[in-house]
Number of protein chains: 2
Amino acid sequence: MEENAIRFGIIGCAQIARKVSRAIDLSPNSTLYAIGSRSIDKAKKFAIDNDFPDTVKIYGSYGEVLNDPNVDAVYMPLPTSLHVQWGVLAAEKKKHLLIEKPTALSVADLDLILEACRSNGVQFMDGTMWLHHPRTTKMKEMLKNTQLFGPLQMIHSTSTFSETEEFFKDNIRVKPDLDSLGALGDVGWYCIGAILWATDYKLPKTVTALPALSRNQEGVILACGSSFDWGEDAQVATFYCSFLSNVSMDLDLYGSNGSIHVKDYIIPYQENSLAFDLTRRTHFAELQTGWTAKPEKVQVAAELPQEALMIQEFATLVERVKKYAKTPDDKWQEISRKTQLVLDAVSKSIELGFKPVGL
Amino acid sequence: MEENAIRFGIIGCAQIARKVSRAIDLSPNSTLYAIGSRSIDKAKKFAIDNDFPDTVKIYGSYGEVLNDPNVDAVYMPLPTSLHVQWGVLAAEKKKHLLIEKPTALSVADLDLILEACRSNGVQFMDGTMWLHHPRTTKMKEMLKNTQLFGPLQMIHSTSTFSETEEFFKDNIRVKPDLDSLGALGDVGWYCIGAILWATDYKLPKTVTALPALSRNQEGVILACGSSFDWGEDAQVATFYCSFLSNVSMDLDLYGSNGSIHVKDYIIPYQENSLAFDLTRRTHFAELQTGWTAKPEKVQVAAELPQEALMIQEFATLVERVKKYAKTPDDKWQEISRKTQLVLDAVSKSIELGFKPVGL
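As the structure is a computational prediction, the values presented were derived from the model and not from experiment. (Residues numbered from 1 in each chain as written. Chains lettered and ligands numbered in written order. Predicted model: local features only at pLDDT ≥ 70, side-chain atom pairs only at ≥ 80, totals over all residues. Heavy atoms only, no water.)

### A look at the side chain of B:His261
(1) Moving on: The topology assignment puts B:His261 in strand β14 (residues 258-262).
(2) Moving on: Looking at B:His261, its side chain comes within polar contact range of the side chain of A:Asp250, at 2.6 Å.
(3) Moving on: Those residues in contact with B:His261 that lie beyond four places of it in its chain are A:Asp250, A:Lys263, B:Leu251, B:Asp252, B:Tyr254, B:Phe276 and B:Asp277. (Helix = DSSP H or I, 4+ residues; strand = E, 2+ residues; numbered from the N terminus. Polar contact = N/O pair within 3.5 Å; in protein donor to acceptor, adjacent residues only side chain to side chain. Contact = heavy atoms within 4.5 Å.)

What follows is the structure, encoded as structure tokens:
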């Protein structure tokens, strides 16, 4: 570990914090400095269970992490309903902020966090890991190659997994007071983000929720979907997200000259072997009995798993601010805000009975 | 060739008739008996270009094929606008009818054909080839296995290919007087059919066209899509069809315990090697850094290409009627009619500006 590594404090002992603490360890320019939970016992147990070195500070409150002057950056995997309170406070305490998705319950809430980060000069990023892997960069390179891919015409994305009875009883992601956005906020975040990523974050003109919806007894969304359109461009996108279906993470991109299919875009099948299928300028064989070419598998290797690449990128941006007094990079604020904005529109369309909502 | 093979007459020299004439040759219980075109020279050229044996009768009109008492069954790859006229006449001449998709310009038109087939006791089938391959049967077997797959929750399908400038100028499929349904009728037929196939032909409650559409200058649809819902079932489907995108034929089926992905469901990559991807009871590896299992490739072999299996199945049904005086099998009428009914609803939803249309 470098002497100058960015020191992370983690607020909250969510499952995902286990993966991210390992990522902080793997990333070359970061170090885990502190962990805080509302209960010191829970924090201690978390540290032991995850083999944290003895040097990691253990705190029995979130506030102590934020008050520790040695903490440069905070990773915040709290229930969404707590994001505004703790996100704003972290920024005010001059902590750079890596926050779990969904970033907030609404774009109005997110704006409070973003504004606090801006006015306190701290870097902001949400915890969407797949954006940081070179596979994603490679796909975008191909999408941008007009010769190869042509205009992008259709995007389809899914993010689903099926859960145990225990999850539906106890998990924060289905509790109206903790994560009222349910599957839309949790897994739908990826679908919306992927569609925006594919369109270079051009906001759709209209969002229309798909006319099928599952909610739990408390009204939290367990499955939903939406279509997006961009008006005159004749570009269209659909997504489906669910806590009730077997694992799927499809991102399908259809262009005039090529298409890309990736079936594990959020969490790769294996962390050291990432690929996608590329089909380009395909036609039919004589008599239309087959294709002139099968999709080609494009492999993209990386030194580190995507979550460590995320930490590395975030820590690099923090270094720029901390060591070189640069302004934080606004790109990640914009990405999160647009994702949240579209998420809000899908939520509104659902409320309105699947009516189109303009953006 | 069996002595008792079903004798086919082909009406019209469309490109697809080349593939189907080969299929008639490959199928063990059928033989090509006659070909008719509005021009005898065109019919002769077609026979020579496709190496038809000298025994095949060449006619300079459709009517002569229908009047030939040795023709048992007619394959009709005419422009859709001609289907009612020639389909009804074929049935009245007691010819069993294999008709290209889309079966008609509307369900009202199709009903005239179906009624003519019923009242004349002839077998009806549309030319959807993929339904006849054992890969399709195998997928259905898995879908029906509740343990393996669970309830089917989401279906996504595409049918796209990109065409030459010549196609957009001259092809019947983009001419308002010949195939006014354009891409919706031609390639959309497959998507709608696949969704209905997956749901055991349970009609959706509502059809809502996707808010993105391409038409040519004459108003013919070049790209469109739709979502379907089944009301209380919380089941949802989306499709996208286009003449403007690179080849795609995705059928993605998402259930609570499993999923199926097939990327070449309409025309297989290669006619002798068909497969689909099956994912079942998948969860995440420790720390959510990967999947517990990658999709499994299920290979399904067949003795014949799917179009020959279609001819074989159709000829078997014709034999039942011809030799054993059985009533024609209504199943294929029902499949075509439901597909056409939903297609009409999508067309209406587009006309209404992407409003939901009940069924």
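From this point, the discussion proceeds with the structure in view.
### Thoughts on the packing of helix α1 (residues 15-26) of chain A against helix α11 (residues 306-324) of chain A
Residues and elements named next belong to chain A.
(1) Moving on: Packing of α1 against α11 leaves a shortest axis separation of 8 Å and a crossing angle of 65°. Both α1 and α11 take part in a crossing whose hand is right-handed. On the side of α1, the interface is formed by Lys19, Val20, Arg22, Ala23, Ile24 and Leu26, while α11 contributes Glu307, Ala308 and Ile311.
(2) Moving on: Among the residues making up the contact of α1 with α11, the classes are represented as six nonpolar, no polar and three charged. (Axes fitted to C-alpha atoms, helices over the stretch in contact; angles between N-to-C directions. Left-handed = near helix turned anticlockwise from the far one by under 90°. Nonpolar A, V, L, I, M, F, W, Y, C, P; charged D, E, K, R; others polar.)

### Digging into the interface of chain B and chain A
(1) Moving on: Taken together, the 59 residues of chain B in the interface contact 59 residues of chain A.
(2) Moving on: For the chain B and chain A pair, buried surface summed over both sides reaches about 5,100 Å², with 61% attributable to carbon and sulfur atoms.
(3) Moving on: Between the two partners, chain B and chain A, sit two salt bridges.
(4) Moving on: Across the salt bridge formed by A:Glu286 and B:Arg18, the nearest N and O atoms sit 2.7 Å from each other.
(5) Moving on: On inspection of chain B and its partner chain A, the count reaches 25 residue pairs in polar contact (both at pLDDT 80 or more). (Buried area = accessible area lost by both parts, 1.4 Å probe. Salt bridge = Lys/Arg side-chain N within 4 Å of Asp/Glu carboxyl O.)

### Some remarks on the domain arrangement of chain A
Accessible area lost on assembly of the parts is the figure often given for the size of an interface.
Residues and elements named next belong to chain A.
(1) Moving on: For chain A, the assigned domains are domain 1 (6-129 + 310-326) and domain 2 (131-305 + 340-358).
(2) Moving on: Here domain 1 and domain 2 have C-alpha centroids that lie 27 Å from each other.
(3) Moving on: Every contact between the two is made by 23 residues of domain 1 and, on the other side, 20 residues of domain 2.
(4) Moving on: Taken together, both faces of the contact between domain 1 and domain 2 bury some 1,800 Å²; the carbon and sulfur share is 56%.
(5) Moving on: Joining domain 1 to domain 2, the criterion identifies two salt bridges.
(6) Moving on: With a shortest N-O distance of 2.6 Å, Glu271 and Arg22 are connected by a salt bridge.
(7) Moving on: Between domain 1 and domain 2 we count 15 residue pairs in polar contact (both at pLDDT 80 or more) in total.
(8) Moving on: Looking at the side of domain 1 that touches domain 2, the elements that each hand over two or more residues are α1, α5 (107-119), β6 (124-126) and α11.
(9) Moving on: Of the residues belonging to the side of domain 1 that touches domain 2, the class tally is eleven nonpolar, seven polar and five charged. (Domains from an automatic or database assignment.)

### Quick notes on the sheet that holds strand β3 (residues 57-59) of chain A
Residues and elements named next belong to chain A.
(1) Moving on: Taken together, six strands build an open sheet; the order of strands is β3-β2-β1-β4-β5-β6 and the sheet is parallel. Each of the sheet's edge strands pairs with one partner strand only, and the pair in question is β3 and β6. Between one strand and the next, the sheet's axes are offset by a mean angle of 25°, whatever the strand orientation.
(2) Moving on: The sheet contact formed by strand β4 (residues 73-76) and strand β5 (residues 96-99) spans four bridges and is parallel. When the bridges of β5 are listed, Tyr75 appears paired with Leu98.
(3) Moving on: Across the sheet, helix α4 (residues 83-92) touches β4 and β5, and the angle it forms with β4 is around 170°. (Pairing = 2+ DSSP bridges.)

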